[in-house]
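# Structural overview
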Amino acid sequence: MAPARKHPHNATFAELARLPEDTRAEIVHGEIVQRALPTMQHSRGQTGLAAFLRRYFDRRPGGRWPGGWWIGTEVEVEYERHELFCHDLAGWRRDRVPECPSGRPARIRPDWTCEILSTNRRRDMVDKFRVMQACSVPHYWIVDPEEKTLTVFRLEPHGYLVALAAATGETVRAEPFDALELRIAVLLGDEDEDE
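Right, let's walk through the structure included here. Keep in mind it's a predicted model, so treat the numbers as computed, not measured.

About the thresholds
Residues numbered from 1 in each chain as written. Predicted model: local features only at pLDDT ≥ 70, side-chain atom pairs only at ≥ 80, totals over all residues. Heavy atoms only, no water. 1 Å grid on protein atoms, 1.4 Å probe; cavity = no way out; pocket = protein on both sides within 12 Å on 5 of 7 lines; lining within 4 Å. Points joined across faces, edges and corners; volume = space filled by probe spheres on them. Nonpolar A, V, L, I, M, F, W, Y, C, P; charged D, E, K, R; others polar. Pairing = 2+ DSSP bridges. Helix = DSSP H or I, 4+ residues; strand = E, 2+ residues; numbered from the N terminus. Core = buried A, V, L, I, M, F, W, Y, C linked by side-chain atoms within 4.5 Å. Buried < 20%, exposed > 50% of the residue type's maximum accessible area, 1.4 Å probe, protein only. Contact = heavy atoms within 4.5 Å. Polar contact = N/O pair within 3.5 Å; in protein donor to acceptor, adjacent residues only side chain to side chain. Phe/Tyr/Trp six-rings, centres within 6.5 Å; stacked < 30°, edge-to-face > 60°. Lys NZ or Arg CZ within 6 Å of the ring centre and 35° of its normal.

### Thoughts on empty space enclosed by the protein
The tally for this structure, following the rule as stated, stands at one cavity of 30 Å³ or more. Of the voids in this model, the largest cavity is the one considered here, and its volume is about 50 Å³. As for the largest cavity, its lining consists of Arg24, Arg35, Ala36, Pro38, His42, Asp88, Ile116, Ser118, Asn120 and Asp124. For the lining of the largest cavity, the residue count by class is three nonpolar, three polar and four charged.

This is the structure:
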């Protein structure tokens, strides 16, 4: 993965948008940084979790499934002028955001974000963590495909609190999607949901 590109000033979305269309990049602490291409484990975790959440939660509330969310993958979200992240997954509660967020980047704070760790571990666990905490994102998930774990952070008045730590082989109710049980092995793409 390429190191952060140094800018003599704080980068903005306008600069990011001028990069070639196939550039995978974010703005972290005012610097444009390249995002690594996902590994197979990262990809399986992202698609497994996205499929689960979309099926049960990315719909209007009521009916057979809980619903009540807008869920997206690879969504660019601008938190501050010089902090723009492309989350592996992000979600907005429909009761707070009645219309699906649109445009690039999304400028409405998500209610939940999820990062799947790969080569950018420090960025996800330190840099993004601090910005999302400061910008009051209520829930932040870290999925670690190597360790086969899920860590759920909940925002409290003094910062993020670990609300849940789980590993493959466990079935959990992970907030904010705790209306249904989730098998960690399904989240990681190691098992099918109907097994």
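### Some thoughts on the pairing of strand β7 (residues 149-156)
With six bridges joining them, strand β6 (residues 139-144) and β7 adopt antiparallel strand pairing. The partner of Ile142 across the bridge, within β7, is Thr151. Linking β6 back to β7 in an antiparallel pair, the connection comprises four residues, with Lys148 at a positive phi of about 60°. Examined bridge by bridge, β7 and strand β8 (residues 159-167) share eight bridges and lie antiparallel to one another. Of the residues in β8, the one forming a bridge with Val152 is Leu164. Hairpin connection of β7 to β8: two residues between the antiparallel strands.

### Section: the nonpolar core
Of all hydrophobic cores here, the largest spans 25 residues; its most connected members are Trp112, Trp141 and Leu150. Among the elements that make up this core, the one with the highest residue count is helix α2 (residues 40-56) (five residues). Those residues in contact with Trp112 that sit more than four places away from it in its chain are Leu49, Leu53, Trp69, Ile71, Leu89, Ala90, Gly91, Val137, His139, Trp141, Pro176 and Phe177. In terms of nonpolar packing, the next biggest core, distinct from the first, is built from 21 residues, Trp70, Ala90, Ala106 and Ile142 among them.

### Details of unusual backbone geometry
The residue after Arg104, namely Pro105, is reached through a cis peptide bond having omega 0°. In this fold, Pro105 is placed in the loop between β4 (83-93) and β5 (112-116). Even without being a glycine, Glu74 presents a positive backbone phi close to 55°. Mapped onto the elements, Glu74 comes out in strand β3 (residues 69-80). The partly exposed category is assigned to Glu74, whose relative accessible area is 30%.

### A short note on the side chain of Asp144
Mapped onto the fold, Asp144 is located in strand β6. Classification of Asp144 as buried rests on a relative accessible area of 5%. At 3.0 Å, the side chain of Asp144 and the backbone nitrogen of Glu146 are in polar contact. In this structure the side chain of Asp144 is engaged in a polar contact, spanning 3.1 Å, whose partner is the backbone nitrogen of Glu147. Among residues more than four places away in sequence, those in contact with Asp144 are Leu117, Arg121, Thr149 and Leu188.

### A closer look at the environment of Ala163
Relative to the helices and strands, Ala163 resides in strand β8. What makes Ala163 partly exposed here is its relative accessible area of 27%. Those residues in contact with Ala163, other than ones at most four positions away along the chain, are Val152, Phe153, Arg154 and Glu175.

### Structural notes on the packing of aromatic side chains
According to the stated counting rule, one finds 15 aromatic pairs in the structure shown. Ring centres 5.8 Å apart and planes at 85° place the aromatic pair Trp141 and Phe177 in the edge-to-face group. On the criterion of sequence distance, the pair formed by Trp141 in strand β6 and Phe177 in the loop between β9 (171-172) and β10 (182-183) is long-range, its members being 36 residues apart. Residue Trp141 is classed as buried on the basis of its relative accessible area, which comes to 1%. Residue class for Phe177 comes out buried when judged on its relative accessible area of 2%. Clustering of aromatic rings is evident, with ring pairs tying together Phe52, Tyr56, Phe57, Trp65, Trp69, Trp112, Trp141 and Phe177. The ring of Trp70 carries Arg94 above its face, with NZ or CZ at 3.6 Å from the centroid.

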